[in-house]
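So the chains spell out like this:
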Amino acid sequence: MPKAFEPLSFNSGHSINNRFMLAPLTNTQSQPDGVLSEDEIHWLSLRAKGGFGAVMTAAAHVQEVGLGFPGQLGVFAERHSQGLQTLASKLNAEGALSLVQLHHAGLRSPASIVGQPVAPSEYQEEGINARDLSTEETKQLIQDFISGAERAQRAGFSGVEIHGAHGYIVGQYLSAQYNKRTDQYGGSLENRMRLLIEIVSGIRARCGKSFTLGVRLSPERNGILLMEAIETVKTLFAMGEIDFLDMSLWNVFKEPYEAEHQGKSLLAYFAELDRGKVKLGVAGRIKTLAQIEQCLEVGADFVLLGRAAILHHDYPKKVQENPAFVPVEPPVSQAYLRGEGLSQKFVDYMGESFPGFVEVV
């Protein structure tokens, strides 16, 4: 049996019945106030029915000002709880590990919706006018990430993932390019990672050992340097408080951008680290079972799938039935995507954001 279909246990006590996790995918299907829609619940629960061992929501913002895009799921208010409960119940009933991704867009929040965005430091460039957060506001941000995790737990989810990748607020604190602070949350890398570390420790303390906790990071771009990303990961591994690390690599087999670190893949840099009981997941242009097996052979414990999961709600079942299965190649029709559980809003988003993915009518 391919390793991709072997079960995997986390230190929290939760397990998944295979190595397929649905990546947290922007889909713009939530209500304007952040409440889950029936369309989004359908899209996610269909992936659980389709055989994904773990299903994660799209990024759910933990503060109203932290919204990153229209139609984003919220996890900062009690009005969000009922929809979250419904979704958790459906995912759990299908046997999938149910996860919420906790998010705050920081300086990337659209001013047209949230007003003035907030960031680690004042940032004015490329049409962005973000103000800096005070020390007390930074501490409140930490508490709001923790509160989001507690709300997800009360709703019945098995765990959460902290979104520290792709240049959003946690990544902005990690980056010396965006973080010019002079308090305990800025300056040295140790200080810049303090926000993330305190979120991790706070969630673990408040939600307990049996709540699955992950962190998503990216190893480059948006002001992140590879060696600093590795040091951050080493710190997380040494703490032993997270259950999994989700590395968003854009392409799991690519080499670093930084010339001095080329010669091996980004995946290899993280797979070779001593991670104790922490499991390693990777994402980035994974299409086939052969590629998944290669990731697992290098040292990853599971993979996160995005486009393959959009194109085939039952991708795990398809590759189990046919190990040579290859996803359909875009562009695909709107009708095809609606048949795979995407609402018209989601279809429109894919067409606007990813040229060549949806057939032009």
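Just so it is clear, the structure is predicted and the values come from calculations on it, not from any experiment.

**Overview of the packing of helix α7 (residues 194–207) against helix α8 (residues 226–239)**
- Two numbers describe how α7 lies on α8: the axes approach to 11 Å, and their chain directions differ by 20°. Relative to α8, the element α7 lies roughly parallel. Viewed along their axes, α7 and α8 form a crossing whose handedness is right-handed. Contact residues: α7 offers L196, I197, V200 and S201, while α8 offers T232, T235, L236 and M239.
- Tallied by class, residues from the contact of α7 with α8 come to 5 nonpolar, 3 polar and no charged.

**Brief notes about the environment of I310**
- Considering the arrangement of structural elements, one finds I310 in helix α11 (residues 307–311).
- Classification of I310 by relative accessible area gives buried; the value is 3%.
- Taking the C-alpha atoms as reference points, I310 and W43, separated by 267 residues in sequence, lie 9.1 Å from one another.
- Setting aside chain neighbours within four positions, we find I310 in contact with L25, W43, R47, L337, E340, L342, F346, M350 and F357.

**Description of the sheet that holds strand β6 (residues 118–119)**
- What the 3 strands build is an open sheet, ordered β6-β8-β7; its pairing is mixed. If you trace the sheet from one side to the other, it starts and ends with β6 and β7 (123–125), each paired once.
- Both β7 and strand β8 (residues 128–132) contribute to a ladder of 3 bridges, which runs antiparallel. Paired with E125 across the bridge in β8 is I128.

**A look at the pattern of salt bridges**
- Across all of its chains, the model carries 16 salt bridges by this definition.
- A network of salt bridges, in which partner residues are shared, links E78, R151 and R154.

**Regarding the packing of aromatic side chains**
- Counted by the stated rule, this structure contains 9 aromatic pairs.
- Ring plane angle 45° and centroid distance 5.3 Å describe the contact between F5 and F20, whose orientation is recorded as tilted. Here F20 lies in strand β3 (residues 20–22) and F5 lies in the segment before β1 (8–9), a separation of 15 residues in the sequence. In terms of burial, F5 and F20 fall into one category: buried.
- One aromatic cluster is present, built from ring pairs that chain together F5, F20, Y315 and F325.

**Brief notes about the environment of V303**
- Looking at where V303 falls in the secondary structure, it is placed in strand β13 (residues 302–305).
- When its relative accessible area of 0% is taken as the criterion, V303 is described as buried.
- Not counting residues up to four positions away in its chain, the partners in contact with V303 are R19, F20, M21, V282, I286, I292 and C295.

**Quick look at a positive patch on the surface**
- A grouping of R221, R285, K287 and R307 is seen on the molecular surface, where their side chains present a positively charged patch.
- Assignment of secondary structure puts R307 in helix α11.
- Classification of R307 by relative accessible area gives partly exposed; the value is 46%.

**Quick word on helix α2 (residues 81–93)**
- Here α2 contains 13 residues, and its C-alpha end-to-end distance of 18 Å stays within 8% of the 18 Å for a straight helix at 1.5 Å per residue.
- Lining the buried residues of α2 we find α1 (38–49), β4 (54–61), β5 (97–103) and α4 (135–155).
- Immediately downstream of α2, the backbone of G95 shows phi near 85°, a positive value.

**Comments concerning the nonpolar core**
- In terms of nonpolar packing, the biggest core is built from 111 residues, with I162, I203, L245 and V282 touching the most fellow members.
- Beyond its immediate chain neighbours, meaning those up to four positions away, I162 contacts L102, F145, V170, L196, I199, V200, I203, L213, G214, V215 and R216.
- Judged by nonpolar contacts, the second largest core, of 5 residues, contains L107, A119, Y123 and Y178.

Rules behind the numbers
- Along each chain, numbering runs from 1 in the same order as the chain's sequence is written.
- Per-residue local features are limited, in this predicted model, to residues with pLDDT of at least 70; the limit for side-chain atom pairs, both in listing and counting, is 80 or more; totals at the level of whole chains, interfaces and linings are taken over all residues.
- The basis for every side-chain value is the complete set of heavy atoms in the structure, and neither hydrogens nor water enter the calculation.
- Fitted lines through C-alpha atoms give the axes, limited to the stretch in contact for helices. The angle between two N-to-C directions lies from 0 to 180 degrees.
- Each helix is a run of DSSP H or I of at least 4 residues and each strand a run of E of at least 2, with the numbering of both proceeding from the N terminus.
- Oblique is the label for any angle not under 35 degrees, not over 145, and not in the 65 to 115 range, which are roughly parallel, roughly antiparallel and roughly perpendicular in turn.
- Note: crossing handedness is left-handed where the near helix turns anticlockwise from the far helix by less than a right angle, and right-handed where it turns clockwise.
- Contacts are assigned to residue pairs with any non-hydrogen atoms lying within 4.5 Å of each other.
- Each residue receives one of three labels: charged for Asp, Glu, Lys and Arg, nonpolar for Ala, Val, Leu, Ile, Met, Phe, Trp, Tyr, Cys and Pro, and polar for the others, Gly being one of them.
- Only protein chains enter the area calculation, which uses a 1.4 Å probe; residues under 20% of their type maximum are buried, those over 50% are exposed, and those in between are partly exposed.
- Pairing between strands is defined by DSSP: at least two bridges between the two strands are required.
- The salt bridge definition used is simple: a Lys or Arg side-chain nitrogen within 4 Å of an Asp or Glu carboxyl oxygen.
- Whether two aromatic rings pair depends on their centres lying within 6.5 Å, for rings of Phe, Tyr and Trp, where Trp uses its six-membered ring; planes under 30 degrees apart make the pair stacked, over 60 edge-to-face, and the rest tilted.
- Each patch is built from residues that are more than 30% exposed by relative accessible area and take part in no salt bridge. Like charges join if they lie within 9 Å; nonpolar side chains (Val, Leu, Ile, Met, Phe, Trp, Tyr) join within 5 Å.
- Accessibility throughout is a Shrake-Rupley quantity obtained with a 1.4 Å probe, and a residue counts as covered only by protein chains that appear here.
- For the charge count, each Lys or Arg is scored as positive and each Asp or Glu as negative, with His and the chain ends excluded.
- Just so you know, the charge point we use is NZ for Lys, CZ for Arg, CG for Asp and CD for Glu.
- Expected span, for any helix, means 1.5 Å times one less than how many residues it has.
- Among buried residues, those of type Ala, Val, Leu, Ile, Met, Phe, Trp, Tyr and Cys that are joined through side-chain atoms within 4.5 Å constitute a nonpolar core.

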